[in-house]
Amino acid sequence: MAKPKVAFFDFTCCEGCQIEFTNYGDPVFLELLNHVDVVEFREAMSEKTTEPIDVAFIEGSFSREADRPRLEEIRKRAKIVIAYGQCASTAGINALKNHTTDYKKFVYGKDSEMPHLDSQKVLGIDQAIKVDYYAYGCPVNKYEVLQIVSHLLHGKEPVIPNYPVCVECKRRETICRYDVGDYCLGQTARAGCGAPCPSDGIPCEACRGFVDQPNHDALVKVLAKRAGMPKGWAEDKSRMFTANQRGDAK
Amino acid sequence: MSKTISIAVHHLTRVEGHGNIEVDVKNGKILKCEWQVPEAPRFFEAMVRGRHYSEVARITSRICGICSIGHTLASLKATEAALGIQVTPQTFKLRELMKHAENFDSHVLHVYFLAAPDFLGAPSVFPLVATHGTVVARALRLKRIAHEWGSLIAGRTTHPTKAVPGGFASLPTVKELVELKEKMLAAVPDLEET
């Protein structure tokens, strides 16, 4: 059986998720190449293809109409499309500007109408094309990516956690951030990272986005009441990585 | 001399970031010579407005996935300057070590993944697995060391977590630092080969 053809594409992002792909070390990376053929990967390869591909990993958000044809072209020739990282999945940090309208003027002043500054409300790529699976995270959890690839190679459905980070903290017996006087978004954040941040002494900022149907009102209440966050900050808090998953995302 | 050249490279490969090159020469006369940046803008300066000081470095690190440690440290420095925070010599040293990890990582990425294919006559690192297997294995080993080195101090190399205004949320243990040192020393032969 021929090895499945895999390709990487990037849109509006920092390209850090692609870099994670080079961090596996030699045994894992070389073993992975025994099972898949990487046929296109702009950041690391000159080779380009117009042939059908089995799995397209798409990194980055959909932030301008001009990118739609390229997304559609990738969709057309890919059997499976995976939103690779938070920017592609929900627009992640890029959506932090979505509630504002003056961003061009604020940053570029009188030059704000330059054509290359084209930008719209930033969205996950599933607002332009159909997405089959999501590899969440800012950056992706590279071991979860391996799991997804492995499941697909075995003809199985990848299992993506839809429970909060709190579950993973309890599993590793991390003291709750709220109990040490901090705040945390772990109660509504999507797990799958292994909850490293709270155990390192920092709050979860929900860089993997929220679980499906998060109770945002309760989150704001807990941030204000238990962590003592000022009302404005508590209400604004989840714009950082989850602006598009808030109730007020238009 | 009459010369006609037409170059249109869209989406330059093996570089971080997006670029196009368009050159049009007719009868020896340059009609067009453009370096285009089709990178989608993200407006970070507008994003950080009104955010809490503890969030800013976490936001600006996302400017770039390759040099996110640099962006984190620059932001922390600015925040600390604004608040009049002086970091301890230990924090300063650990931050330096963290930055060295990123520089090391970036050099390995550049030399092996972006440039080496040109020197070895291949379009990318992937065909080199078959023709220059030892080089690729060495590249992956060194990349991994950089990743472990940065992660030990920063939490992770792509978008560090542990570095916060005033210092670090948690510190590596002496044992972990000694193990890192041993790994680094063990990598010296690989570096000499490089």
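This structure is a prediction, so every number in the text was calculated from the model and none was measured.

### Description of the sheet that holds strand E3 (residues 53-59) of chain A
All names here are of chain A.
Then step 1. Taken together, the five strands give an open sheet; going across it, the order is E2-E1-E3-E4-E5, and neighbouring strands pair in parallel fashion. Of all the strands in the sheet, the pair left with one neighbour each is strand E2 (37-41) and strand E5 (133-135). Ignoring which end each strand starts from, the neighbouring axes of this sheet average 25 degrees apart.
Then step 2. Of the strand pairs in this sheet, strand E1 (residues 5-10) and E2 are connected by four bridges, and their pairing is parallel. When the sheet's bridge partners are listed, valine 6 is paired in E2 with valine 38.
Then step 3. Helix H6 (residues 142-153) rests against E3, strand E4 (78-84) and E5 of the sheet, and its axis sits at about 155 degrees to E5.

### Side note on the sheet that holds strand E3 (residues 29-36) of chain B
All names here are of chain B.
Then step 1. Pairing in this open sheet of three strands is antiparallel, and the strands run E1-E2-E3 from one edge to the other. Edge positions in the sheet fall to strand E1 (5-9) and E3, since each of these pairs with one other strand and no more. Pairs of neighbouring strands in the sheet enclose a mean axial angle of 5 degrees, with direction left out of account.
Then step 2. Inspection of the sheet shows strand E2 (residues 20-26) paired to E3 by seven bridges, in the antiparallel sense. Of the residues in E3, the one forming a bridge with valine 23 is cysteine 33.

### Things to note about the domain arrangement of chain B
Then step 1. Looking at the assigned domains, one finds that chain B contains domain 1 (5-36) and domain 2 (86-193).
Then step 2. Its C-alpha centre places domain 1 of chain B at a distance of 34 Å from the equivalent point of domain 2 of chain B.

### What about H6(A)?
Residues and elements named next belong to chain A.
Then step 1. In a regular helix each residue adds 1.5 Å, so twelve residues correspond to 16 Å; H6 covers 17 Å between its end C-alpha atoms and thus fits that length.
Then step 2. Every buried residue of H6 is accounted for by Lys142, Glu144, Val145, Ile148, Val149 and Leu152. Buried residues in H6, looked at end-on, bunch into an arc of 155 degrees, giving them a common side.
Then step 3. Tucked into the core, H6 has its buried residues touching helix H1 (16-20), E3, E4 and E5.

### Structural notes on the interface of chain B and chain A
Then step 1. On the chain A side, the residues contacting the 43 residues of chain B number 45 residues.
Then step 2. Listing elements by their share of the side of chain B that touches chain A, those giving two or more residues are helix H1 (44-47), helix H2 (53-60), helix H4 (89-119), helix H5 (125-131) and helix H6 (133-154) of chain B.
Then step 3. For the side of chain B that touches chain A, the element with the most residues is H6(B), which contributes six residues.
Then step 4. Looking at the side of chain B that touches chain A, its residues break down into 20 nonpolar, twelve polar and eleven charged.

Definitions and limits used
Residues numbered from 1 in each chain as written. Chains lettered and ligands numbered in written order. Predicted model: local features only at pLDDT ≥ 70, side-chain atom pairs only at ≥ 80, totals over all residues. Pairing = 2+ DSSP bridges. Helix = DSSP H or I, 4+ residues; strand = E, 2+ residues; numbered from the N terminus. Axes fitted to C-alpha atoms, helices over the stretch in contact; angles between N-to-C directions. Contact = placed C-beta atoms within 7 Å. Domains from an automatic or database assignment. Expected span 1.5 Å × (residues − 1). Buried ≥ 20, exposed ≤ 12 C-beta atoms within 10 Å, placed from the backbone. Arc of directions from axis to C-beta. Nonpolar A, V, L, I, M, F, W, Y, C, P; charged D, E, K, R; others polar.

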